[in-house]
Amino acid sequence: MKFKRFRYNLIVIGLIAIICCCVAFPLVTGGSDDINQGEIIENPEEEGGDEDIIVPPEEDEEEEIEEDKFLYEKPADLINYAIDLLYNGEGFYSTYTQTVTNTTNVLGQSISVPQYAKGNIIRSNNLSLQESYFWSTYTGIGSDQTKNCYQYYYIDKDNDKFIEGTTSSYNKDNMTYDLSKGSSSTMSYQDGMDKYLFLIGDGFPLVTNIKKGDIAYSDKIVDDKFDRTYREIKIIYNVDNVPQKMKDFYSTTGQLTDINYTDLTITYKINVDTGKIASMTRTEKMTAKNPQMGVTVSSTAITTQYFSSVDKAQTIVCPA
């Protein structure tokens, strides 16, 4: 563990300083990916000298470094490892919440339209299910365009099946629904992905890329902090490198066109012992046109996904 070796070096330097009647202090340097944590240094026993200092065996140090590798891993490498574990592991179970704020001007009046959603995103090998409960508190102009329904996407890659369904007979608080009063359709996996471009339950479209010395290209780390359990890394992504399908996803309903995707920030919370992701909060900003109303809309979407089980097979049943 880095700070244990750091403490040992300080003790040795302190003894040398006393012997030489000099004052010394350690200089710690590192790049933007380095993380250093201070620790209270206990004085060695007064009667002890160099012979009282016990140097841990090499193999013990290696074990400690291996245990803490996720704490000191480079941010981009840790994020990509955690994401890879989600989609190439046995599976995961997660819940999510989302708030989208749409702002526009109609007849000289500024209108803000909120849209909310919550649900489950589950994956197990080649099966996945994404369930969403949508609602809005807006009742003004254009309120008929807000979503108030239960919607799901079920994917079975092994059987080349993609099923989507929706119903307006639902209860968002109890998270219940009645599909007998709704509709559903079945298509091939590829037809489903051509229609919706990407779904978080099926795959993650981003690869975090931090390139030192290439600011114009790189994604940017704006925060990297940790405690004894989790490490939180906040990344501002270069939107020029965000896959087009992620930008165009918001036009798949037909309500928005000419998407101008302007900002993507994600905060990842990762367990430092296992490298498994605990949550991620995604903030997206864009402008677009609403062809029905003939106005330009500015939107901010904040989505937080919470993972309760990672790299474990899940039981998934199609709602239909």
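A short tour of the structure in this document, coming up. Everything numeric here is computed off the predicted structure, so don't read it as measured data.

Applying the stated criterion to the full structure yields 13 aromatic pairs. Centroid distance F92 to F307: 5.4 Å. Interplanar angle 70°. Geometry classified as edge-to-face. In this pair, F92 is assigned in strand β1 (residues 91-106) and F307 in strand β13 (residues 295-310), connecting sequence segments 215 residues apart. In this structure F92 comes out as buried when scored by relative accessible area, which is 0%. Here Y150 and Y177 contribute two aromatic rings whose centre-to-centre distance is 3.9 Å and whose plane-to-plane angle is 5°, an arrangement assigned as stacked. Here Y150, found in strand β4 (residues 149-156), pairs with Y177, found in strand β7 (residues 176-177); they are 27 residues apart in sequence, far enough to count as distant. The structure contains a cluster of three or more aromatic residues connected by ring pairs, namely Y133, Y150, Y152, Y170 and Y177. Above the ring of W135, the side-chain terminus of K172 is found at 4.7 Å from the ring centroid. Here the guanidinium or amino end of K269 rests over the ring plane of Y230, the centre of that ring lying 4.6 Å away.

A volume near 1,000 Å³ is recorded for the largest pocket. Contributing to the lining of the largest pocket are 47 residues, with V100, Q115, Y250, T253 and Q255 lying nearest its centre. When residues of the lining of the largest pocket are traced back to their parent elements, those giving at least two are β1, β2 (109-124), β3 (127-135), β4, α5 (189-196), β12 (277-290) and β13. Looking at the lining of the largest pocket element by element, the count peaks at 7 residues for β1. Its residues placed into classes, the lining of the largest pocket shows 25 nonpolar, 18 polar and 4 charged.

Our next topic: the sheet that holds strand β11 (residues 257-271). Ordered in space as β8-β5-β4-β3-β2-β1-β13-β12-β11-β10-β9, the 11 strands form an open sheet in which the pairing is antiparallel. A strand with exactly one partner marks an edge of an open sheet, and here the two such strands are β8 (183-187) and β9 (220-226). Ignoring strand direction, the axes of neighbouring strands in this sheet form an average angle of 15°. For strand β5 (residues 161-167) and β8, the ladder comprises 5 bridges, and the chain directions are antiparallel. Within the sheet, the bridge partner assigned to T166 lies in β8 and is S183. Relative to the sheet, helix α4 (residues 75-88) contacts β1, β2, β9, β10 (230-236), β11, β12 and β13, its axis offset from that of β10 by approximately 105°. Along the sheet face, α5 touches β4, β5 and β8 and points at about 50° away from the line of β5.

Turning next to the pattern of salt bridges. Evaluation of the coordinates by the stated rule reveals 6 salt bridges. The partner of D173 in a salt bridge is K172, and the shortest N-O contact between them spans 3.0 Å. Taking the relative accessible area as the measure of exposure, D173 reaches 58% and is therefore exposed.

Quick look at the environment of C318 now. Here C318 shows up in the segment after β13. It is 7.4 Å that separates the C-alpha atoms of C318 and L129, two residues lying 189 residues apart in sequence. The contact partners of C318, leaving out residues within four places of it in the chain, are Y152, Y154 and I163.

With that settled, the discussion passes to the environment of E90. Structurally, E90 is set in the loop between α4 and β1. Residue class for E90 comes out partly exposed when judged on its relative accessible area of 39%. Sequence separation of E90 and S124 is 34 residues, and the distance between their C-alpha atoms is 6.0 Å.

As a further point, take α4. Here α4 is 14 residues long and its end C-alpha atoms lie 20 Å apart, about the 20 Å a rise of 1.5 Å per residue gives. Residues of α4 that are buried include every one of P75, A76, L78, I79, A82, I83, L85, L86 and Y87, and no others.

Within the span of α5, buried status applies to Y189, G192, M193 and Y196. For α5, the buried positions fall inside an angular range of 95° around the axis, keeping them on one side. For α5, the secondary structure elements touched by its buried residues are β4, β5 and β8.

Here is what the cut-offs are and how they apply
In this numbering scheme, every chain counts its residues from 1 along its sequence in written order. Restriction of local features to residues with pLDDT of at least 70 applies here, the model being predicted, together with a cutoff of 80 or more for giving and counting side-chain atom pairs; totals for whole chains, interfaces and linings are based on all residues. Excluding hydrogens and water, the side-chain figures rest on all heavy atoms present in the structure. Any two of the Phe, Tyr and Trp rings considered here, Trp counted by its six-membered ring, make a pair once their centres fall within 6.5 Å; the pair's planes then place it as stacked at under 30 degrees, edge-to-face at over 60, or tilted in between. Helix and strand assignments follow DSSP, with helices taken as H or I runs no shorter than four residues and strands as E runs no shorter than two, numbered in order from the N terminus. Accessibility here uses a 1.4 Å probe with only protein chains present; expressed as a share of the type maximum, an area under 20% marks a residue as buried, one over 50% as exposed, and anything in between as partly exposed. In our convention, an over-ring charge means Lys NZ or Arg CZ found within 6 Å of a ring centre and within 35 degrees of that ring's normal. Here a cavity means grid points, on a 1 Å grid over the protein atoms only, where a 1.4 Å probe fits yet cannot get out; a pocket means an open set of points with protein on both sides within 12 Å along at least five of seven lines; lining residues are those with an atom within 4 Å of a point. Grid points are joined across faces, edges and corners, and a volume is the space filled by probe spheres set on the points. Polarity classes work like this: nonpolar for Ala, Val, Leu, Ile, Met, Phe, Trp, Tyr, Cys and Pro, charged for Asp, Glu, Lys and Arg, and polar for all others, with Gly in that last group. Should DSSP find at least two bridges between two strands, the strands are taken to pair. Orientation is described by lines fitted to C-alpha atoms, with helices fitted over the stretch in contact, and by angles between N-to-C directions that extend from 0 to 180 degrees. Contacts are assigned to residue pairs with any non-hydrogen atoms lying within 4.5 Å of each other. Between Lys or Arg on one side and Asp or Glu on the other, a salt bridge is scored when a side-chain nitrogen of the former is within 4 Å of a carboxyl oxygen of the latter. One less than the number of residues in a helix, times 1.5 Å, gives the span that helix is expected to have. This arc corresponds to the set of directions leading from the helix axis out to the C-beta atoms.

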